[in-house]
Amino acid sequence: MSTTMTTPQPQAQSVVVDDVPDPQVPERPRRRTYPARYKRDILAEYEACDRAGKGELLRREGLYTSLVSAWREQRDKGALAALGRAAGASPATAAEKEAARLRRENERLTADLDKAQKVIEIQSKLSALLDTLATDSSRNSSEG
(Lines give C-alpha, C1' and ligand atoms only; values in the text may rest on other atoms or scores of the structure.)
Protein backbone atom coordinates (compact mmCIF):
# COMPACT_ATOMS: atom_id res chain seq x y z
CA MET A 1 0.00 0.00 0.00
CA SER A 2 1.38 3.25 -1.00
CA THR A 3 0.18 6.51 0.26
CA THR A 4 0.16 9.33 -2.09
CA MET A 5 -0.46 12.75 -1.00
CA THR A 6 -2.60 14.95 -3.16
CA THR A 7 -2.61 18.66 -2.98
CA PRO A 8 -5.96 20.34 -3.16
CA GLN A 9 -6.61 22.01 -6.47
CA PRO A 10 -7.89 25.57 -6.36
CA GLN A 11 -11.49 25.66 -7.30
CA ALA A 12 -12.96 28.32 -9.50
CA GLN A 13 -14.71 30.90 -7.41
CA SER A 14 -18.08 32.03 -8.50
CA VAL A 15 -18.96 35.68 -8.23
CA VAL A 16 -21.75 36.24 -5.80
CA VAL A 17 -24.00 39.22 -6.36
CA ASP A 18 -23.24 40.45 -2.83
CA ASP A 19 -19.53 40.85 -3.74
CA VAL A 20 -20.24 43.44 -6.43
CA PRO A 21 -20.26 46.96 -4.99
CA ASP A 22 -23.38 49.01 -5.37
CA PRO A 23 -22.72 51.69 -8.00
CA GLN A 24 -24.90 54.17 -6.11
CA VAL A 25 -22.64 54.12 -3.06
CA PRO A 26 -19.50 56.26 -3.32
CA GLU A 27 -16.29 54.28 -3.21
CA ARG A 28 -14.58 56.60 -0.74
CA PRO A 29 -16.39 58.11 2.19
CA ARG A 30 -16.73 61.88 2.08
CA ARG A 31 -15.39 63.97 4.91
CA ARG A 32 -17.88 65.79 7.01
CA THR A 33 -17.65 69.54 6.82
CA TYR A 34 -18.89 71.86 9.51
CA PRO A 35 -20.02 75.45 9.01
CA ALA A 36 -18.49 78.11 11.27
CA ARG A 37 -21.82 78.75 13.02
CA TYR A 38 -22.13 75.04 13.91
CA LYS A 39 -18.59 74.98 15.29
CA ARG A 40 -19.25 78.10 17.35
CA ASP A 41 -22.49 76.69 18.77
CA ILE A 42 -20.95 73.31 19.61
CA LEU A 43 -17.94 74.97 21.30
CA ALA A 44 -20.22 77.17 23.39
CA GLU A 45 -22.38 74.19 24.39
CA TYR A 46 -19.32 71.98 25.04
CA GLU A 47 -17.67 74.56 27.30
CA ALA A 48 -20.90 75.04 29.25
CA CYS A 49 -21.27 71.29 30.00
CA ASP A 50 -19.83 69.26 32.85
CA ARG A 51 -17.76 66.14 32.13
CA ALA A 52 -20.75 63.82 31.63
CA GLY A 53 -22.56 66.41 29.53
CA LYS A 54 -19.51 66.80 27.29
CA GLY A 55 -19.44 63.08 26.57
CA GLU A 56 -23.15 63.05 25.86
CA LEU A 57 -22.80 65.99 23.47
CA LEU A 58 -19.93 64.32 21.61
CA ARG A 59 -21.86 61.06 21.25
CA ARG A 60 -25.03 62.85 20.14
CA GLU A 61 -23.18 64.86 17.47
CA GLY A 62 -20.78 62.07 16.48
CA LEU A 63 -17.70 64.15 17.29
CA TYR A 64 -14.34 63.49 18.91
CA THR A 65 -12.58 65.56 21.56
CA SER A 66 -9.65 66.09 19.19
CA LEU A 67 -12.01 67.78 16.74
CA VAL A 68 -13.38 70.06 19.45
CA SER A 69 -9.81 70.90 20.49
CA ALA A 70 -8.90 71.75 16.89
CA TRP A 71 -11.98 73.98 16.62
CA ARG A 72 -11.05 75.72 19.86
CA GLU A 73 -7.54 76.35 18.53
CA GLN A 74 -8.95 77.68 15.24
CA ARG A 75 -11.26 80.00 17.15
CA ASP A 76 -8.45 81.33 19.35
CA LYS A 77 -6.09 81.84 16.39
CA GLY A 78 -8.85 83.55 14.43
CA ALA A 79 -9.57 85.91 17.32
CA LEU A 80 -5.89 86.79 17.68
CA ALA A 81 -5.52 87.30 13.93
CA ALA A 82 -8.58 89.54 13.91
CA LEU A 83 -7.16 91.63 16.75
CA GLY A 84 -3.80 91.94 14.98
CA ARG A 85 -5.32 93.14 11.71
CA ALA A 86 -5.59 96.84 10.98
CA ALA A 87 -9.09 98.26 10.97
CA GLY A 88 -10.74 98.61 7.61
CA ALA A 89 -10.31 96.71 4.41
CA SER A 90 -7.06 97.07 2.52
CA PRO A 91 -7.09 97.45 -1.26
CA ALA A 92 -7.05 94.05 -2.91
CA THR A 93 -5.50 94.68 -6.31
CA ALA A 94 -2.47 96.63 -7.45
CA ALA A 95 -4.70 99.11 -9.29
CA GLU A 96 -6.74 99.75 -6.13
CA LYS A 97 -3.54 100.20 -4.12
CA GLU A 98 -2.24 102.70 -6.68
CA ALA A 99 -5.58 104.56 -6.66
CA ALA A 100 -5.48 104.74 -2.85
CA ARG A 101 -1.90 106.04 -2.94
CA LEU A 102 -2.85 108.68 -5.51
CA ARG A 103 -5.88 109.71 -3.41
CA ARG A 104 -3.65 110.19 -0.34
CA GLU A 105 -1.14 112.19 -2.40
CA ASN A 106 -3.94 114.33 -3.85
CA GLU A 107 -5.28 115.05 -0.35
CA ARG A 108 -1.79 115.99 0.86
CA LEU A 109 -1.17 118.27 -2.12
CA THR A 110 -4.60 119.90 -1.72
CA ALA A 111 -3.79 120.61 1.94
CA ASP A 112 -0.40 122.09 0.91
CA LEU A 113 -2.13 124.28 -1.70
CA ASP A 114 -4.62 125.54 0.89
CA LYS A 115 -1.72 126.48 3.20
CA ALA A 116 0.11 128.26 0.37
CA GLN A 117 -3.02 130.23 -0.57
CA LYS A 118 -3.46 131.32 3.06
CA VAL A 119 0.19 132.40 3.22
CA ILE A 120 -0.19 134.40 -0.02
CA GLU A 121 -3.37 136.03 1.31
CA ILE A 122 -1.64 137.00 4.56
CA GLN A 123 1.38 138.32 2.66
CA SER A 124 -0.83 140.49 0.42
CA LYS A 125 -2.65 141.88 3.48
CA LEU A 126 0.69 142.52 5.18
CA SER A 127 2.00 144.23 2.05
CA ALA A 128 -1.12 146.43 1.86
CA LEU A 129 -0.76 147.28 5.57
CA LEU A 130 2.92 148.16 5.13
CA ASP A 131 2.06 150.34 2.11
CA THR A 132 -0.58 152.11 4.18
CA LEU A 133 1.87 152.64 7.04
CA ALA A 134 4.56 153.85 4.62
CA THR A 135 2.22 156.37 2.97
CA ASP A 136 0.95 157.54 6.36
CA SER A 137 4.48 157.99 7.67
CA SER A 138 5.54 159.88 4.52
CA ARG A 139 2.52 162.23 4.88
CA ASN A 140 3.35 162.80 8.53
CA SER A 141 6.98 163.56 7.74
CA SER A 142 6.08 165.97 4.92
CA GLU A 143 3.62 167.84 7.13
CA GLY A 144 6.01 168.27 9.97
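Sequence order as written defines the numbering, with residues in each chain counted from 1. Local features in a predicted model are, by the rule used here, given only for residues with pLDDT of at least 70; side-chain atom pairs are given and counted only at 80 or more, and totals for whole chains, interfaces and linings are based on all residues. Note that the side-chain values use all heavy atoms of the structure and ignore hydrogens as well as water.

1. With respect to the overall build of the protein
Let me state the cut-off plainly: What counts as a helix is a DSSP run of H or I of at least four residues, what counts as a strand is a run of E of at least two, and both are numbered from the N terminus. Residue contacts are counted whenever heavy atoms from the two residues lie within 4.5 Å of one another.
Helices and strands together make up the secondary structure of the protein, namely four helices and zero strands. Going from N to C terminus, the protein has its helices and strands arranged as α-α-α-α. Restricting the contact set of the protein to residue pairs at least 6 apart, pairs at least 24 apart contribute 50%.

2. Details of the packing of aromatic side chains
Centre distance and the angle of the planes are the two values used to describe a pair of aromatic rings. We apply this condition: The rule is short: rings of Phe, Tyr and Trp, with Trp giving its six-membered ring, pair when the centres are within 6.5 Å, and they are stacked under 30 degrees, edge-to-face over 60, tilted in between. Type-normalised accessible area, obtained with a 1.4 Å probe on protein chains alone, sets the label of each residue: buried when under 20%, exposed when over 50%, and partly exposed for intermediate values.
Under the criterion given, the structure shown has three aromatic pairs. Ring geometry for tyrosine 34 against tyrosine 38: centres 5.6 Å apart, planes inclined by 10°, an arrangement best described as stacked. Consider the rings of tyrosine 34 and tryptophan 71, whose centres lie 4.9 Å apart with planes at 70°: the pair is edge-to-face. Of this pair, tyrosine 34 sits in the segment before helix H1 (36-48) while tryptophan 71 sits in helix H3 (residues 65-84), and the two are 37 residues apart along the sequence. Across the pair, tryptophan 71 and tyrosine 34 agree in class, each one buried.

3. Considering helix H2 (residues 51-61)
Condition: Relevant arc is that of directions from the helix axis to the C-beta atoms, nothing else.
All of the buried residues along H2 are Gly53, Leu57 and Leu58. One face of H2 carries all of its buried residues, which in axial projection span an arc of 135°. Exposed residues on H2 whose side chains face more than 90 degrees from its buried face are Arg51, Ala52, Glu56 and Arg59. Count one or two residues on from H2 and you reach glycine 62, which has phi positive near 70°.

4. As for the packing of H1 against H2
Rules: Angles here are taken between N-to-C directions and fall from 0 to 180 degrees, while the axes themselves are lines fitted to C-alpha atoms, restricted in helices to the stretch in contact. An angle below 35 degrees is read as roughly parallel, one above 145 as roughly antiparallel, one from 65 to 115 as roughly perpendicular, and any other as oblique. Throughout, the ten residues Ala, Val, Leu, Ile, Met, Phe, Trp, Tyr, Cys and Pro are labelled nonpolar, Asp, Glu, Lys and Arg are labelled charged, and all others, Gly among them, are labelled polar.
Relative to each other, H1 and H2 sit at 150°, their axes nearing to 10 Å. Compared by their axis directions, H1 and H2 come out roughly antiparallel. Contacts between H1 and H2 involve Tyr38, Ile42, Glu45 and Tyr46 from the first element and Lys54, Leu57, Leu58, Arg60 and Glu61 from the second. Partitioning the contact of H1 with H2 into residue classes produces five nonpolar, no polar and four charged.

5. Comments concerning the pattern of salt bridges
Going by this rule: In the sections that follow, a salt bridge refers to a side-chain nitrogen of Lys or Arg positioned within 4 Å of a carboxyl oxygen of Asp or Glu.
Within this structure, the stated rule accounts for 11 salt bridges. Among the charged side chains, a salt-bridge network with shared partners connects Glu47, Arg72, Arg75 and Asp76.

6. Things to note about the nonpolar core
Put simply, the rule reads: Residues belong to a common nonpolar core when they are buried Ala, Val, Leu, Ile, Met, Phe, Trp, Tyr or Cys residues joined through side-chain atoms within 4.5 Å.
In terms of nonpolar packing, the biggest core is built from nine residues, these being Tyr34, Ile42, Leu43, Tyr46, Leu57, Leu58, Leu63, Val68 and Trp71. Elements supplying a minimum of two residues to this core: H1, H2 and H3.

7. Side note on the environment of alanine 44
When you line up the elements, alanine 44 lands in helix H1. Sequence-wise, alanine 44 and arginine 72 are 28 residues apart; in three dimensions their C-alpha atoms are separated by 9.9 Å.

8. Notes on a nonpolar patch on the surface
Rules: Here the term patch refers to residues with relative accessible area over 30% and no salt bridge, with like charges joined within 9 Å and nonpolar side chains (Val, Leu, Ile, Met, Phe, Trp, Tyr) within 5 Å. Under the convention used here, a 1.4 Å probe and the Shrake-Rupley method define accessible areas, while residue burial counts only the protein chains that appear.
On the surface, Leu126, Leu129, Leu130 and Leu133 cluster together into a nonpolar patch covering about 380 Å² of accessible area. Inspection of the secondary structure assignment puts leucine 133 in helix H4 (residues 94-143). Overall, leucine 133 belongs to the partly exposed group, its relative accessible area being 47%.

Without other data, these values stay purely geometric and don't point to any function.
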